[in-house]
Amino acid sequence: MRVLAFQSEATLRGKVVNEQGEAMPGVSILAKGTTTGTLSNEKGEFTLAVPAGVRTLIFSFIGYLSQEVAVTGSAVLDIRMNAVAGQLNEVVVTALGVTREKRALGYAVQEVKGDNLTQARETNLVSALAGKVAGVNVTAGSNSIGGSSRIVIRGETSLAGDNQPLFVVDGMPINNAVSASDQRQNIDYGNGAAEINPDDIETISVLKGPNAAALYGSRAANGVILITTKSGKGKKGLGISVNSTTSFESALRLPDYQNEYGQGRGGQYNIGDGGRSWGPPLDGRMIAVPVNTEWPPKVGETVPWVPYPDNVKEFYEVGRTLSNNISLASSNDNGNFRISYTNLDQTGIVPNTDQRRHTFAINGAYSLTDKLKVNTSVNYIYTNSKNRPVVSYGNESVVYTWIWEGRQVRTDKMRDYWVKGLEGIQPFTYNYQFNDNPYYTMYENLNGLVKNRTTGQVNLTYQFTPALSLLVRTGMDISNERADRRRTPGSTAFPLGMYSQDKDYFEERNSDFLLAYDKAIGKELQLKLSVGGNQMRQRRDELSSRANALSVPGIYNLGNSQVPLVVIQRDFNYRINSLYAFGQFAYRNALFLDVSARNDWSSTLPSNNNSYFYPSVSASAVLSDLFDKVNWGVLSFAKVRAGWARVGNDTDPYRLRNVYNYGSPWQSSQAVSESATINNANLKPETLDTYELGADVRLFSGRLGLDLTYYNTVSRNQILNIPIDLTSGYTSRFFNAGVIRSRGVEAVLTATPIKTSSGFKWDLSVNWSTNRAKVEELGDGLTTYELPSRYVSVQARVGERMGDMYGRGFQRDPQGNIIHSQGLPLFTNELIKVGNYNPDWMAGLYNTFSFKGFTLGGLLDYRKGGSIYSYMYVRGNEAGQLVESLPGRKDGYVGPGVIKNPDGTFRPNDVNVTAERYWGSGYFNPEQSTFDATYLKLRELKFGYMLPNQLVRNTPFRDITVSVVGRNLALWTNVPHIDPDATGISGSTILPGIEDMSLPTPRSIGFNVNFRL
């Protein structure tokens, strides 16, 4: 057919469909060589006035092969778009919100689509990334409703920081700090990124290292999670979308309790013994009711002494999560908008716990003139909880309570907790010395939360010329939360009652500009240059007030205190000013060289050291395009890349000089005291250097692909707080020291093994990664630095790995047998290494099968190696609750190992001790309670069906999809009793590798419905 250009303007019409023949809205249609174009509507249809002389139209859509279609004499075009296997020409969002083709990047970036987050959903966005991105390690915190998660990219490189990445939404950094109360016992209120609504997310780009994140400065030393929210772009007319998920949660795994012996010690029943289960056998004998309670049956009567195996299981309830989203979107040639509302209503598996969240989102763009465009996105989030559970170890934690309740305890008898006791009306329990009734705890001693949060940005873009533009942007993240705790008189922890309020106001404002130049030089060269700057202002105000005894029971007001209030006030201010520049030189769209430079000035460092500069350089070559005359055979795409970068890091505010702090008043006089830590006016910024090598290879027209990355990172000048001699009058001091080297490999395999003409398709994606971070120096004569931990000592030792865990272990003979004395194992006096909480390697496998509207997808998450210390194991066996404590109950226990003879030789241990004594001796021995944390988890499973639109053509509904969904459905591990994915939390710090009476991981099963109007 002879192709002719139109001699005068002509109008073309057509329709765009995908491989399944379904309409494709939002496809870009551009008259080649001009700026004239349009978008297909919701039916895939388009109309375009083609200028005279145009020979070709370009059709493009993210995730599909671009097509250049010759203009012919036909005025109607039918276009079928083909999905790109492996997405060779994928466009991704990079630093500062700049959109680039993935082929042009000199560093590794992985992207997660928003649609992957809204069906089998997690209410915490961070947890939703587990197993989906190579090199990303996600650790659950407390498993509390609305609780926190920790995310680390490419291992740990800082001794002082939390090693978590920076979160950026629509170009604006947001706060991801953990909000938690540590007043005596912990309450986990969640991390900041958990509040981001998955229904509003278009894409998540994970910038894994300094090479990708250098333009974000010191806050991005640990990588960046870039989130782009949905807009109304490409939606002709008014479109309405609805997405609804209903799910039900239950405990994935509970401890394996023994059910042969009841409450007591030494084989005898006793209610006041701390709740240990070393009492009489649960063999049906009759036991007299204790005299200090008057719950039925009456005092003096006897009851059958039998086990209630499911008493803990019956305590946990079926949680319920309802998430409903409705959005309105539209666009025209001048702009677009999207308005969204999401309601999250959740009840937990722990009785009387809840979370409700309302999210309003607005995203809009409009061309004010041909050259000036305005864009804005705003999110308002209102979170309310009447009650969150206390987590970790302590008598306000329900997990702690069940560790010490006898195996004969009936759950139904615990529900009606108000009884008449010797001291009047009091809450009934089975252990008055240490424990409260768990139902009383959850229904009377409440931990509420109210939080208002607003994030957003507005930007203006002015296009001076086709090659030169200026972006000016400002945005904020403002949150105001109030957490209150109520304790009724009579509780074990607060016999006179208690009421507290914690108020936390956080504000961060960022303003930036970016002047960008993009110009083709001849036919084969492209030059991109940008310069910009950023101003960050951060403020935090904290006020905590607590009444430790109430004058009138049941009146929860700070004015109802019978003792002086305990008030703590802390105010923080933090600023960073920045300038940066970056550029790219491209040859034939196949050879790319990128350079960047940024300088930060931080308020947390001394004026003579508060400026730090960091550059980066990267290069990539698409070999298959550079040498396009070579017959590559089945190889359809080949790219290599390399890069080097340096970033800096500052510290928290107010570490330069010592000031006085307020303390508890002495009678009528206010007391002040100096901090026990010596601050340092000569601190220098941390620096982090890294280089990265990678290759991306695709075969069989993209149906098989492999992306490999190797990185090597060295961080120096760690800002440490080290202990010093107490005779100095201080306990510690800040100084710069330390070198940590982190190396790793990442691999991402994508494949379409089966794709038939009948419509059946099998896609799979495998990500694999390994990392080793080693302490090379500490400086100032240090050989060991202790990191935040509990029960075990997490230490950074010169020459050893980050994440090493130390504690007292077993004394052993030369053959490795445990040495005993008087029937009990002997412990080492010195600390030994008991494990490392970092995995040896991680992998995620996602399979998707699709056929004629049906889709089946599942995610398997595998973690090999690493260690987990279980405090549940320690105290559960000390209490005689767990199955390990059964051997030796009748005839005593002979521990496996040896006894040391006076002459230094060894003989087998033959000393018999009671099981109660044996298990009670292991409290200070982390070695016996640290396990290989390897696990395989079925993270996600979904099965759905999309109704053909022709079946509902006479209704307003389109794209109706119904799915059955589930998360955390199965777990395979050799770790006893717990999910090794769970950890402890101390204040606002999540403690990896340490399980501290964690709540059970919720298993979720439900259904999802979404459709468009």
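About the thresholds
Residues numbered from 1 in each chain as written. Predicted model: local features only at pLDDT ≥ 70, side-chain atom pairs only at ≥ 80, totals over all residues. Heavy atoms only, no water. Helix = DSSP H or I, 4+ residues; strand = E, 2+ residues; numbered from the N terminus. Rg over C-alpha atoms; globule rule 2.2 N^0.38 Å. Buried < 20%, exposed > 50% of the residue type's maximum accessible area, 1.4 Å probe, protein only. Pairing = 2+ DSSP bridges. Contact = heavy atoms within 4.5 Å. Axes fitted to C-alpha atoms, helices over the stretch in contact; angles between N-to-C directions. Salt bridge = Lys/Arg side-chain N within 4 Å of Asp/Glu carboxyl O. Core = buried A, V, L, I, M, F, W, Y, C linked by side-chain atoms within 4.5 Å.

A. Just the overall build of the chain, in detail. Of the regular secondary structure elements, the chain holds nine helices and 61 strands. The C-alpha radius of gyration computed for the chain amounts to 31 Å, which stays within 12% of the reference 31 Å derived for 1013 residues, consistent with globular compactness. Projecting the C-alpha coordinates of the chain onto the three principal axes gives extents of approximately 105 × 70 × 65 Å. Looking at the chain as a whole, 54% of its 1013 residues qualify as buried.

B. View of unusual backbone geometry. Even without glycine at this site, Asn717 takes up a positive phi of about 55°. Relative to the elements of secondary structure, Asn717 occurs in strand S41 (residues 704-723). At Asn968, a position not held by glycine, the phi torsion is positive, near 50°. Within the secondary structure layout, Asn968 lies in strand S57 (residues 958-973). Classification of Asn968 by relative accessible area gives buried; the value is 6%.

C. Examining the sheet that holds strand S60 (residues 994-995) more closely. An order of S55-S52-S60 is seen for the three strands of this open sheet, with the pairing classed as mixed. Each end of this open sheet is capped by a strand with a single partner; those strands are strand S55 (930-932) and S60. In this structure, strand S52 (residues 867-870) lies alongside S55, joined through three bridges in antiparallel fashion. Within S55, the position partnered with Ile868 by the bridge is Phe931. Strand contacts of helix H8 (residues 871-878): S52, S55 and S60, with the helix running at about 35° to S52, the strand carrying the most contacts.

D. Fine view of the pairing of strand S1 (residues 10-17). Judged from the six bridges that link them, S1 and strand S4 (residues 45-50) form a sheet pairing that is antiparallel. Its bridge partner being in S4, Gly14 is matched across the sheet by Phe46. As paired elements, S1 and strand S7 (residues 76-80) share five bridges and run parallel to each other. Residue pairing for S7: Gly14 is matched across the bridge by Leu77.

E. The pattern of salt bridges, seen in detail. In the structure shown here, the tally under the stated rule is 48 salt bridges. Between Arg154 and Glu692 there is a salt bridge, and its shortest N-O distance comes to 3.0 Å. On the criterion of sequence distance, the pair formed by Arg154 in the loop between strand S12 (149-153) and strand S13 (166-169) and Glu692 in strand S40 (residues 686-699) is long-range, its members being 538 residues apart. Glu692 gets classed as buried once you look at its relative accessible area, which sits at 2%. A salt bridge links Lys451 to Glu195, with the shortest nitrogen-to-oxygen separation between them at 3.0 Å. Here the residue Lys451 occupies a position in strand S29 (residues 447-463), and Glu195 occupies one in the loop between strand S16 (186-191) and strand S17 (201-207), the gap between them amounting to 256 residues. Taken individually, Lys451 and Glu195 each receive the classification buried, so the pair is uniform in this respect. By sharing partners, the salt bridges in this structure join Glu122, Lys132, Glu940, Lys942 and Arg967 into a single network.

F. The nonpolar core, seen in detail. The biggest cluster of nonpolar side chains holds 66 residues, and the ones touching the most others in it are Leu159, Phe315, Tyr316, Val350, Leu720, Tyr785 and Met802. Examining the composition of this core, we find that six residues originate from one element, helix H4 (residues 398-404), more than from any other. When residues no more than four places from it in sequence are discounted, the contact partners of Val350 are Phe315, Tyr316, Pro389, Val398, Met442 and Leu999. Counting residues in each nonpolar core, the second largest holds 22 residues, with Leu117, Ile174, Ile196 and Ile204 among its members.

G. View of the sheet that holds strand S49 (residues 832-836). Reading across the sheet, the four strands line up as S44-S45-S46-S49 and stay open at both edges, with antiparallel pairing between neighbours. Edge positions in the sheet fall to strand S44 (784-786) and S49, since each of these pairs with one other strand and no more. Across this sheet, the average inter-strand angle for adjacent strands is 45°, counted without regard to direction. Here strand S45 (residues 793-797) runs beside strand S46 (residues 804-807); their pairing, made up of two bridges, is antiparallel. Bridge pairing in S46 places Val794 opposite Met805.

H. Quick look at the side chain of Thr56. Residue placement: Thr56 occurs in strand S5 (residues 56-60). Beyond its immediate sequence surroundings of up to four residues, Thr56 is in contact with Leu30, Ala31, Lys32, Glu68, Val69 and Val71.

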